[in-house]
Amino acid sequence: RDSPGFVTLVAEGVAVVGTMRLLTGHHLLLVTARRALGLVCGHVVWGVADTKLVRLADTVDRRGTEADEQRLRRLLQWVDLARGFFWSDTYNLTETLQTNALGDGDQNSCGECMCPGACPVYRPGDFESAFAWNAHLSRALRLSLGDVAASRWIAPLCHGYFAQTRASLSGREVTMTVVSRRSR
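Residues numbered from 1 in each chain as written. Predicted model: local features only at pLDDT ≥ 70, side-chain atom pairs only at ≥ 80, totals over all residues. Heavy atoms only, no water.

Asker: What is the right way to read the overall build of the chain from this model?
Answerer: Each helix and strand in the chain was counted, giving four helices and six strands. The helix and strand sequence of the chain, counted from the amino end, reads β-β-β-α-β-α-α-α-β-β. In the chain, which comprises 184 residues, the proportion classed as buried is 32%. When contacts within the chain are restricted to residue pairs at least 6 apart in sequence, long-range pairs at least 24 apart make up 60% of them. Accessible surface, the chain as shown: approximately 11600 Å² in total, 55% of it carbon and sulfur. (Helix = DSSP H or I, 4+ residues; strand = E, 2+ residues; numbered from the N terminus. Buried < 20%, exposed > 50% of the residue type's maximum accessible area, 1.4 Å probe, protein only. Contact = heavy atoms within 4.5 Å. Areas by Shrake-Rupley, 256 points an atom, 1.4 Å probe, with all protein chains shown as cover.)

Now the structure itself:
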């Protein structure tokens, strides 16, 4: 509705990638669809299936025309986030298996809320990992939201390859997982 006071749903998302400023305003990049790629230590690993760039606000300091803005948006569509980007809501993929297995045991407790076991597994330093692809895109949003709120909304995306297959070896079912991550 055009009258003030009404909120309009612009997009639904399953994850926040980050924000970016184009020529005429700020935009939020959302993952709007995900697909399950497999399990790591019982935790679901999600792959990006679809994304949407949502305009947040126009800026007073415009650097170009609307036509220039549309040209940039078309160029951004060439970046296919649905290929090779993955994350987990409950398992830290920016760390090695050894680091996660030998963690302090208090990984799911943020210490700032009364929700043991329900808190996100990501800590502020996880975005500084070489494997957090969206570290730069999410930096402004993480600083604005604060550490606890940001860790509930934003998960570090990894770029690389994730594959999982099952095989039978001597009559026993074995799951083989290959995870490769590109550093930024």
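Asker: Looking at this structure, I do not really get helix H3 (residues 135–145). What am I missing?
Answerer: An α-helical turn contains 3.6 residues, so any two residues separated by three or four positions project in the same direction. For H3, every residue scored as buried is listed here: Ala-135, Leu-137, Ser-138, Leu-141 and Arg-142. Projected down its long axis, H3 carries its buried residues within an arc of 135°, all on one side. In this structure, H3 carries His-136, Leu-143 and Ser-144 as exposed residues pointing more than 90 degrees from its buried face. (Arc of directions from axis to C-beta.)

Asker: So what exactly am I meant to see when it comes to unusual backbone geometry here?
Answerer: Excluding glycine, most residues fall at negative phi; most peptide bonds, likewise, are trans. Unlike most non-glycine residues, Cys-41 shows phi in positive territory, near 55°. Looking at the element boundaries, Cys-41 is found in the loop between strand S2 (25–40) and strand S3 (43–58). Despite not being glycine, Ser-170 shows a phi value in the positive range, around 55°. Tracing the backbone through its elements, the reader meets Ser-170 in the loop between strand S5 (158–169) and strand S6 (172–181).

Asker: Where do I start with the pattern of salt bridges in this structure?
Answerer: Enumeration according to the criterion identifies three salt bridges in this entry. The network of salt bridges with common partners includes Glu-128, Arg-139 and Arg-142. (Salt bridge = Lys/Arg side-chain N within 4 Å of Asp/Glu carboxyl O.)

Asker: Sorry, what's going on with the packing of aromatic side chains here?
Answerer: Here the distance between the centres and the angle between the planes together describe a pair of aromatic rings. Applying the stated criterion across every chain yields a total of two aromatic pairs. Taking the centre distance of 5.9 Å and the plane angle of 50° together, the rings of Phe-86 and Phe-162 count as tilted. Residue Phe-86 is found in strand S4 (residues 85–87), and its partner Phe-162 is found in strand S5; the two are separated by 76 residues along the sequence. Cation over ring: Arg-34 sits above Trp-46, and NZ or CZ is 3.8 Å from the ring centre. Over the ring of Phe-131 we find Arg-181; its NZ or CZ atom is 3.9 Å from the centre of that ring. (Phe/Tyr/Trp six-rings, centres within 6.5 Å; stacked < 30°, edge-to-face > 60°. Lys NZ or Arg CZ within 6 Å of the ring centre and 35° of its normal.)

Asker: Help me out: how do you make sense of the side chain of Ser-129 in this one?
Answerer: By the secondary structure assignment, Ser-129 is in the loop between helix H2 (97–101) and H3. Filtering out sequence-adjacent residues up to four positions away, Ser-129 remains in contact with Thr-94 and Arg-184.

Asker: Is there a simple way to explain the layout of surface pockets in this structure?
Answerer: A probe as big as a water molecule, rolled over the atoms, marks out the empty space that is left. Empty space within the largest pocket amounts to approximately 370 Å³. What lines the largest pocket is a set of 15 residues, among which Leu-29, Thr-51, Leu-76, Gln-77 and Val-79 lie closest to the centre. Of all elements in the fold, only S3 and helix H1 (66–77) reach the threshold of two or more residues within the lining of the largest pocket. Here the lining of the largest pocket is built from residues that sort into eight nonpolar, three polar and four charged. (1 Å grid on protein atoms, 1.4 Å probe; cavity = no way out; pocket = protein on both sides within 12 Å on 5 of 7 lines; lining within 4 Å. Points joined across faces, edges and corners; volume = space filled by probe spheres on them. Nonpolar A, V, L, I, M, F, W, Y, C, P; charged D, E, K, R; others polar.)

Asker: Looking at this model, I keep getting lost on the environment of Arg-184. Mind explaining?
Answerer: Following the sequence through the fold, Arg-184 ends up in the segment after S6. With 55 residues separating them along the chain, Arg-184 and Ser-129 place their C-alpha atoms 9.0 Å apart.

Asker: Please clarify how the environment of Ala-11 should be interpreted in this entry.
Answerer: Along the chain, Ala-11 falls in the segment before strand S1 (15–21). Counting along the chain gives 41 residues from Ala-11 to Lys-52, while the straight-line C-alpha distance between them is 7.8 Å. Dropping the residues within four chain positions of it, Ala-11 is found in contact with Leu-30, Lys-52 and Val-54.

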